[in-house]
Amino acid sequence: MKNELKLSYMFMPVAVVSVLSSVSIPLSLIFAFIVTMVVTSKSIYYSVPLVLFGSGFQLIGIYSGVHYGWFIVLSALLGATYQIFLRGVLRVYKPFGILVFLVLALSFVHLLTDSLYLERYFGLISVLVYSLFLLGFSEDHPPQDLEDTLLSAIAFAGLCMGAAVFLLFTSQELSLARTSEMSFAVGDTQSSPRLLTTVLGSVLTLTMLSLIIEQKGILSKVLYLASSMCVLLAMVYAGSRMPLIATVVSIAIGLVIFLVRNFRKLPARFVVWVSILVLAFSSLIFYFSIFGVAGLPFVPDSVESLRVLKDVNIDNNGRLLMWSSYLDGMDVLDMLFGIGLGTFGNPHSFWIGGFIAFGVIGIFPIMLFLMVKMFQSFSIGAIYPLSTLIYILLSVSTSSDIDRMQPWIILSLACLLYVTTLNGWKENGKTE
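Residues numbered from 1 in each chain as written. Predicted model: local features only at pLDDT ≥ 70, side-chain atom pairs only at ≥ 80, totals over all residues. Heavy atoms only, no water.

**Regarding unusual backbone geometry**
Stage number 1. If you check the backbone angles, H348 has positive phi at about 55° while not being a glycine.
Stage number 2. Along the polypeptide, H348 turns up in the loop between α13 (332-337) and α14 (350-379).
Stage number 3. Residue H348 is classed as partly exposed on the basis of its relative accessible area, which comes to 22%.
Stage number 4. The phi angle at S400 is positive, at roughly 65°, despite the residue not being glycine.
Stage number 5. Topologically, S400 is positioned in the loop between α15 (383-395) and α16 (405-427). (Helix = DSSP H or I, 4+ residues; strand = E, 2+ residues; numbered from the N terminus. Buried < 20%, exposed > 50% of the residue type's maximum accessible area, 1.4 Å probe, protein only.)

**Regarding helix α2 (residues 25-42)**
Think of an α-helix as 3.6 residues a turn; residues three or four steps apart then line up on the same face.
Stage number 1. Given a rise of 1.5 Å per residue, 18 residues ought to cover 26 Å, and the 25 Å separating the end C-alpha atoms of α2 matches this to within 8%.
Stage number 2. For α2, the complete set of buried residues consists of I25, S28, L29, A32, V35, T36, V39 and T40. All buried residues of α2 fall inside an arc of 150° around its axis, so they share one side. Exposed and oriented more than 90 degrees from the buried face of α2 are I30, I34 and V38. (Expected span 1.5 Å × (residues − 1). Arc of directions from axis to C-beta.)

**Overview of α14**
Stage number 1. In this model α14 runs just 27 Å from its N-terminal to its C-terminal C-alpha over 30 residues, more than 12% under the 44 Å that 1.5 Å per residue would give.
Stage number 2. Its maximal kink placed at G359, α14 deviates by approximately 130°.
Stage number 3. Two or three places before W351, at the start of α14, stands the capping residue S349, its side-chain oxygen 3.4 Å from that residue's backbone nitrogen.
Stage number 4. Residue G381 follows α14 closely and has a positive phi angle near 70°. (Bend = angle between axes of the 7 residues up to and from the residue. Polar contact = N/O pair within 3.5 Å; in protein donor to acceptor, adjacent residues only side chain to side chain.)

Structure below.
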């Protein structure tokens, strides 16, 4: 009963925030801010679903220049800081700590030269410090218990985010074509809320893999299946293509590696759940082939296509032209040290934006960190962190920016899952 009560600390708050968001965005934010601080002061892991929800719906505008998600991260940061004072010195996962320290140092250097985009630096610093706190307490829980709890929490957060997308259609008067920051992109539209789909894709990657790989009870399987279907439909509404492509690639690679490592002792449940997923997707395709896109809830009969299926324009591609113009305007010093956050607009790429903001000195360590963690995860058979790292490498290549919440939250979750797996190996007498 005690464990169920602890899980309710993770599940219930994000569910209430999701429902409140359909009634009043400011009301849901006030509730989320207060509850996140209380929950995080109890245990930083319990804040994960709320922070995921906030990072997914980051761009709901509250007031000029102030966004929904940053309030939730700030609240989680305050709650985690309370724990630091209460419990003593923070234990740091050193590889991620070094990376965070480097990015923070570069941020402060650029802040000294230009404070015009102060809110961008403040947001970046907040999410980096929160991520560091999250990893710092990773030794407080038994590895398997921590992984199981996190996977369940992430699946439930995805379920709530998907439900919020459907609720917002009917209650907040958001259109099906992007006319504001949090509108949705069903149909042949020119843009989509990519930041939302970036988080949703990371959740879908983990829930799909958990559904197929994990040998758990039926209730956990039902949660993973319901979350996967709900998140997938929400990603279709959002309409961003690259996160969906990244999700498919990361799940496929994760399953291939799992098959290679477990081929001789492959559980029968693996084949059963793969068959169920193939049947579910085949049924959806058959449904759309008969009723069309308008068969989806909330979609008008006039809509004949999905934005996710829109052809990519290679010639005169807007992003390629944008990146080329940014890079052409940089000199050698800019390429080495960057020109700071915000001064170049929004390049719609974490890697291009990171390079412009912090130069080679800033973006190379991030890439190196990703590559090293992917190799280490592969070497110990850590499927979840490996797939999540592959996902983030691909998904933010054409969306998001270095000062957004999404890439860093997903990266910190991947690191947390890696540390958990590694500690589990050590407890079982294995070494990296």
